Amino acid sequence: MSKVLGWAAFGMAIRWWQLGIEMRPFLARETLWHYPLYATVTGSFGYWLVGVGERQTSYLDQRRESLLEKRKRFAAAGGIDGVPTVVA
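Everything numeric in this text was worked out from a predicted model, so none of it was measured. Each chain carries its own residue numbering, running from 1 in the written order of its sequence. Residues qualify for local features only when their pLDDT is at least 70, as the model is predicted, and side-chain atom pairs are given and counted only at 80 or more; totals for whole chains, interfaces and linings, by contrast, use all residues. The side-chain numbers reported here are obtained from all heavy atoms of the structure, hydrogens and water having been left aside.

Participant: How should the overall build of the protein be read in this particular structure?
Facilitator: For the protein, the count of helices and strands is two helices and zero strands. Long-range pairs, those at least 24 residues apart, make up 36% of the contacts in the protein with a sequence separation of at least 6. Of the roughly 7200 Å² of accessible surface on the protein, 66% is carried by carbon and sulfur atoms. Every helix listed is a DSSP run of H or I at least four residues long, and every strand listed is a run of E at least two residues long, numbered separately from the N terminus. Here a residue-residue contact requires only that any non-hydrogen atoms of the pair lie within 4.5 Å. Only the protein chains shown count as covering a residue, and every accessible area follows the Shrake-Rupley method with a 1.4 Å probe.

If you want it as C-alpha cells, here you go:
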C-alpha cells in the first residue's frame, strides 16, 4: 500500500511541478481537481507495478525451485562422469 501511496504522491508532485513551470497558482480553484486526477492515475500505475513485481517474483521462485530439483536429480543420477556434484 505504501508504494501505491508513494506513486500517488509522485503524481501530485508532478502536477505541482507542472504548475510551477507554467508559473500558474498552485491552489487555484480551477486547477484543484487536477491533483486527485494525477494522484489516481499514478496511484493506479503504482498498483499495477506492484502486481508486476509480485508476479515476476513468483515466477522466479518457481523457476528456481524447478532448477534446484533438476540439479538434485542430475546429482542423484551420478553427475558428470559418475562424479556426484555438490548441490547447494
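Participant: What is the right way to look at the UniProt feature "transmembrane region" (unreviewed entry) in the protein in this model?
Facilitator: Mapped onto this numbering, the UniProt entry annotates "transmembrane region" (unreviewed entry) at residues 32-50. Taken end to end, residues 32-50 has its terminal C-alpha atoms 28 Å apart, with 89% of it in helix and 0% in strand. UniProt positions are given in the numbering used here, feature names are shortened, and annotations may be inferred rather than shown by experiment.

Participant: Is there a simple way to explain the packing of helix α1 (residues 2-21) against helix α2 (residues 34-76) in this structure?
Facilitator: Working note: a packed helix pair is described by the angle between its axes plus the distance between those axes. Axes, fitted as lines to C-alpha atoms, cover a helix only where it is in contact. Angles between the N-to-C directions of the axes lie from 0 to 180 degrees. Between α1 and α2, the shortest axis-to-axis distance is 7 Å and the interhelical angle comes to 140 degrees. Taken together, α1 and α2 sit at an angle that is classed as oblique. For the crossing formed where α1 meets α2, the hand is right-handed. Along its contact with α1, which presents Lys3, Val4, Trp7, Ala8, Gly11, Met12, Ile14, Arg15, Trp16, Gln18 and Leu19, the element α2 presents His34, Tyr35, Tyr38, Ala39, Thr42, Gly43, Phe45, Gly46, Tyr47, Leu49 and Val50. Gly is put with the polar residues, along with every residue not named as nonpolar or charged; the nonpolar set is Ala, Val, Leu, Ile, Met, Phe, Trp, Tyr, Cys and Pro, and the charged set is Asp, Glu, Lys and Arg. Broken down by class, the residue content of the contact of α1 with α2 amounts to 14 nonpolar, six polar and two charged. Orientation labels follow simple angle bins: below 35 degrees gives roughly parallel, above 145 gives roughly antiparallel, 65 to 115 gives roughly perpendicular, and whatever is left gives oblique. By the definition used in this description, the sense in which the near helix is turned from the far one sets the handedness, with an anticlockwise turn below a right angle giving left-handed and a clockwise turn giving right-handed.

Participant: I tried to follow the packing of aromatic side chains on my own but got confused; where do I start?
Facilitator: The geometry of an aromatic ring pair comes down to the distance between the two centres and the angle between the two planes. Each Phe, Tyr or Trp ring, with Trp reduced to its six-membered ring, pairs with another whose centre is within 6.5 Å; inter-plane angles below 30 degrees give stacked pairs, above 60 give edge-to-face pairs, and intermediate values give tilted ones. For the coordinates displayed, the defined rule picks out four aromatic pairs. Site record: aromatic cluster; members linked through ring pairs are Trp7, Phe10, Phe45 and Trp48.

Participant: Could you clarify how one ought to interpret α2 in this entry?
Facilitator: Note: α-helices contain 3.6 residues per turn, so residues at a spacing of three or four share the same orientation. With 43 residues, α2 extends 63 Å from end C-alpha to end C-alpha; this agrees with the ideal 63 Å at 1.5 Å per step. For each residue, the accessible area found with a 1.4 Å probe, counting protein chains only, is set against the maximum for its type, and the residue is called buried under 20%, exposed over 50%, and partly exposed in between. Of the positions making up α2, those classed as buried are His34, Tyr35, Ala39, Thr42, Gly43, Gly46, Gly51, Val52, Leu68 and Ala75. Close packing links the buried residues of α2 with α1. The first or second residue beyond α2 is Gly78, which carries a positive phi of 115 degrees. Helix span, as expected, comes to 1.5 Å for every residue beyond the first.

Participant: When you look at unusual backbone geometry in this model, what are you seeing that I'm missing?
Facilitator: Trans is the prevailing form of peptide bonds, just as negative phi is the prevailing case for residues other than glycine. With a phi close to 55 degrees, Met23 is a non-glycine residue in the positive phi region. Following the sequence through the fold, Met23 ends up in the loop between α1 and α2.

Participant: Can you help me understand the pattern of salt bridges in this one?
Facilitator: When the charged atoms of two side chains with opposite charge come close together, those side chains can pair. A pairing counts as a salt bridge when a side-chain nitrogen of Lys or Arg comes within 4 Å of a carboxyl oxygen of Asp or Glu. Under the counting rule described, the total for this entry stands at two salt bridges. Among the salt bridges present, the one from Glu22 reaches Arg24, with a minimum N-O distance of 2.7 Å. On the accessibility criterion, Arg24 (37% relative accessible area) is partly exposed.

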